[in-house]
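# Understanding the architecture of this molecule
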Amino acid sequence: MTDAERLPWDEQLALDDESYREQLAYLLERSPFYREKLAGVEPQGLAEISELPLTEKAELRATVRPENPFGAHLCASPDEIVRIYSTSGTTGTPSYIPLTAGDYENWVVGGARSYGASGVSAGQRLVSTYNAGPFVAGAALAAFDRIGVSHIPVGTGNTERLLKAIELLRPEAVVLTPSYAAHLVEREPGLAESSVERVLVAGEPGGGEPAFRAKLEAGWGAKVSEAMGIGDIGPSLWGECEEQNGMHLGARGFVHAELIEPDTGPAIELEDGATGELVLTHLQHRAAPLLRFRTRDHVEVATSPCACGRTGPRVRCIGRTDDMLIVRGVNVFPSAIREVVSEFAPAVTGRILVKPEAPGVKQEPPLPISVELARGAGPDAALADRIRDRLREVLVVQARVELVEWGSPARSDYKSNLVER
């Protein structure tokens, strides 16, 4: 652990305030997007940041032009840019994310703190399953190098190669998505006897769900911790320590975190137990800095002291606000449904698929949900009723539960879809 991670949080906020004021001045000088967005705004400090407008991903995309494929929030000159990542572009043209040398270094430092919090250390062997390619996950791989591990990159989509690497190279840690970790447990019952002591999961919610985590830990015979980032701001911004009570902000000093009410936008105080959408602001970014960027990650905050010695708020991702459904006025996250369903293991695997019957977010009850039975299990109307009743008790949602045979939901060596669109 670095000294920066132990710094009292009030001292961190004082340093962040200085960085924020400099960042804001830089934006007003160099960013056409923010000069227009903040027109008439008197720059102030972090205490007043909630008075500034939020930034939406769609706003940035709308400013992209053939002569400027990054968008009007670009601040750096071409000779300052040393790396250009991109998003997957599954909904159209990919978004390009430029970095200066300083930006890239900050990403690597933050990622090394986040993954280092899990307990992996120099000299240990670590297998990664990220297909980095053009994506920001490439900077996460550089973070492993910074930690000093013996890094074994395997990539996505080659399970046999991964299992052979675990068998022959005997790594202490693996890094993969929660969905892939669960798929491997199901496929290889002997994983608990492998050399793996730590399973680091990232890329989607799930690693922090108690029942799902317990299933992974039992199947791997290893401790599970999670990490989280957002491509436009940085990969691996948050990472969980060995206490497993929420993710610490590894990117402290580089990023400022806020919480907002996702439907209406007002700020929510970062206090113990608070929930809301995570909003992030760059503090020391130069290529294409973002101010109050909506991540669409819905998180729960913990502020109680952590026994590991790291300071500051921690978060656990509950789900994505863009996956959220509203059933008769109740906000329902698919990942929360999975967490409740997982309580019924071993009768079920924990795999679910929500099947909205109407387009859009608002749905009428009962909400159709497919739940996968355990291997070899048959139809059980009483089990379906118990799951339905538990969902109503915990999430206040009326559901129609369909139990499906084992193996019918698709498996993934990357991320799983919890909602059928």
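Anyway, here's the lowdown on the structure attached to this text.

What counts, and where the lines are drawn
- Residues numbered from 1 in each chain as written.
- Predicted model: local features only at pLDDT ≥ 70, side-chain atom pairs only at ≥ 80, totals over all residues.
- Heavy atoms only, no water.
- Pairing = 2+ DSSP bridges.
- Helix = DSSP H or I, 4+ residues; strand = E, 2+ residues; numbered from the N terminus.
- Contact = heavy atoms within 4.5 Å.
- Expected span 1.5 Å × (residues − 1).
- Buried < 20%, exposed > 50% of the residue type's maximum accessible area, 1.4 Å probe, protein only.
- Core = buried A, V, L, I, M, F, W, Y, C linked by side-chain atoms within 4.5 Å.
- Phe/Tyr/Trp six-rings, centres within 6.5 Å; stacked < 30°, edge-to-face > 60°.
- Lys NZ or Arg CZ within 6 Å of the ring centre and 35° of its normal.
- 1 Å grid on protein atoms, 1.4 Å probe; cavity = no way out; pocket = protein on both sides within 12 Å on 5 of 7 lines; lining within 4 Å.
- Points joined across faces, edges and corners; volume = space filled by probe spheres on them.
- Nonpolar A, V, L, I, M, F, W, Y, C, P; charged D, E, K, R; others polar.
- Axes fitted to C-alpha atoms, helices over the stretch in contact; angles between N-to-C directions.
- Parallel < 35°, antiparallel > 145°, perpendicular 65-115°, else oblique.
- Left-handed = near helix turned anticlockwise from the far one by under 90°.

For the rest of this paragraph, the subject is the sheet that holds strand β18 (residues 362-363). The mixed open sheet is built from three strands, whose spatial order is β16-β15-β18. Two strands bound the open sheet, and with one partner strand each, they are β16 (330-332) and β18. In terms of strand pairing, strand β15 (residues 325-327) meets β16 through three bridges, oriented antiparallel. Among the inter-strand pairings, Leu325 is bridged to a residue of β16, identified as Val332.

Before going further, it helps to examine the environment of Leu169. Position of Leu169 relative to the elements: it lies in helix α7 (residues 159-169). Sequence separation between Leu169 and Gly206 is 37 residues, and the spatial gap between their C-alpha atoms is 28 Å. Look past the residues within four positions of Leu169 in its chain and what remains in contact with it is Arg125, Ile152 and Lys164.

Our next topic: helix α2 (residues 9-30). Taking 1.5 Å of rise per residue, 22 residues should cover 32 Å, and α2 covers 30 Å from first to last C-alpha, within 8% of that figure. Taken as a whole, α2 has its buried residues at Gln12, Asp16, Asp17, Ser19, Tyr20, Gln23, Leu24, Tyr26 and Leu27. Where α2 is buried, its residues touch α1 (3-6), α3 (32-37) and β12 (275-282).

Here we come to the nonpolar core. Residues Tyr20, Met228, Ile233, Leu237, Trp238, Leu280 and Leu291 are the most contacted members of the largest nonpolar core, which totals 36 residues. When residues in this core are grouped by element, the largest group, four residues, is from α2. Not counting the four nearest positions on each side in its chain, Met228 is found in contact with Ser236, Leu237, Trp238, Met247, Leu278, Asp297, Val299, Val315 and Cys317. Counting residues in hydrophobic clusters, the runner-up holds 30 residues, among them Val341, Leu391, Val397 and Leu418.

Okay, the packing of aromatic side chains next. For any two aromatic rings, the description comes down to two numbers: the centre-to-centre distance and the angle of the planes. Using the criterion set out here, one finds three aromatic pairs in the structure. Centre to centre, the rings of Phe33 and Tyr34 are 4.8 Å apart; their planes meet at 85°, and the pair counts as edge-to-face. Ring geometry for Tyr85 against Trp107: centres 6.0 Å apart, planes inclined by 10°, an arrangement best described as stacked. In this pair, Tyr85 sits in strand β1 (residues 81-86) while Trp107 sits in helix α5 (residues 101-116), placing the two residues 22 residues apart along the sequence. In this structure, Tyr85 and Trp107 share a single accessibility class: buried. The cationic tip of Arg83 hangs over the ring face of Tyr104; the distance from NZ or CZ to the ring centre is 4.5 Å.

The next thing to look at is empty space enclosed by the protein. Applying the stated criterion to the full structure yields six cavities of 30 Å³ or more. Forming the walls of the largest cavity are 13 residues, and the residues nearest its centre are Asn106, Trp107, Ile233, Phe254 and Val255. Mapped onto the lining of the largest cavity, the elements with two or more residues apiece are α5 and β8 (234-240). Examining the composition of the lining of the largest cavity, we find that four residues originate from one element, α5, more than from any other. Here the lining of the largest cavity is composed, by residue class, of seven nonpolar, six polar and no charged.

Between α5 and helix α6 (residues 137-147), the least distance of the axes is 8 Å, while the angle of their chain directions is 65°. Taken together, the axes of α5 and α6 are roughly perpendicular relative to one another. As for the relative orientation of α5 and α6, their crossing is right-handed in sense. Contacts between α5 and α6 involve Tyr104, Glu105, Trp107, Val108, Val109, Gly111, Ala112, Tyr115 and Gly116 from the first element and Ala139, Ala140, Ala142, Ala143, Phe144, Arg146 and Ile147 from the second. Of the residues in the contact of α5 with α6, the class split is twelve nonpolar, two polar and two charged.

We now examine α6. For α6, a buried count of eight out of eleven residues is recorded, marking the element as mostly surrounded by other parts of the structure. Among the residues of α6, Gly138, Ala139, Ala140, Leu141, Ala142, Ala143, Phe144 and Ile147 are the ones counted as buried.

Let us look at the sheet that holds β12. Pairing is mixed across the open sheet formed by twelve strands, whose spatial order is β4-β3-β5-β6-β7-β8-β9-β14-β13-β12-β10-β11. Of all strands in the sheet, those with a lone pairing partner are β4 (150-153) and β11 (267-268), marking the two edges. With four bridges connecting them, strand β3 (residues 125-128) and β4 associate as parallel partners. Looking at β4, one finds that Leu126 is bridged to His151. Across the sheet, helix α8 (residues 178-187) is in contact with β5 (173-176) and β6 (198-201); its angle to β5 comes to roughly 120°.

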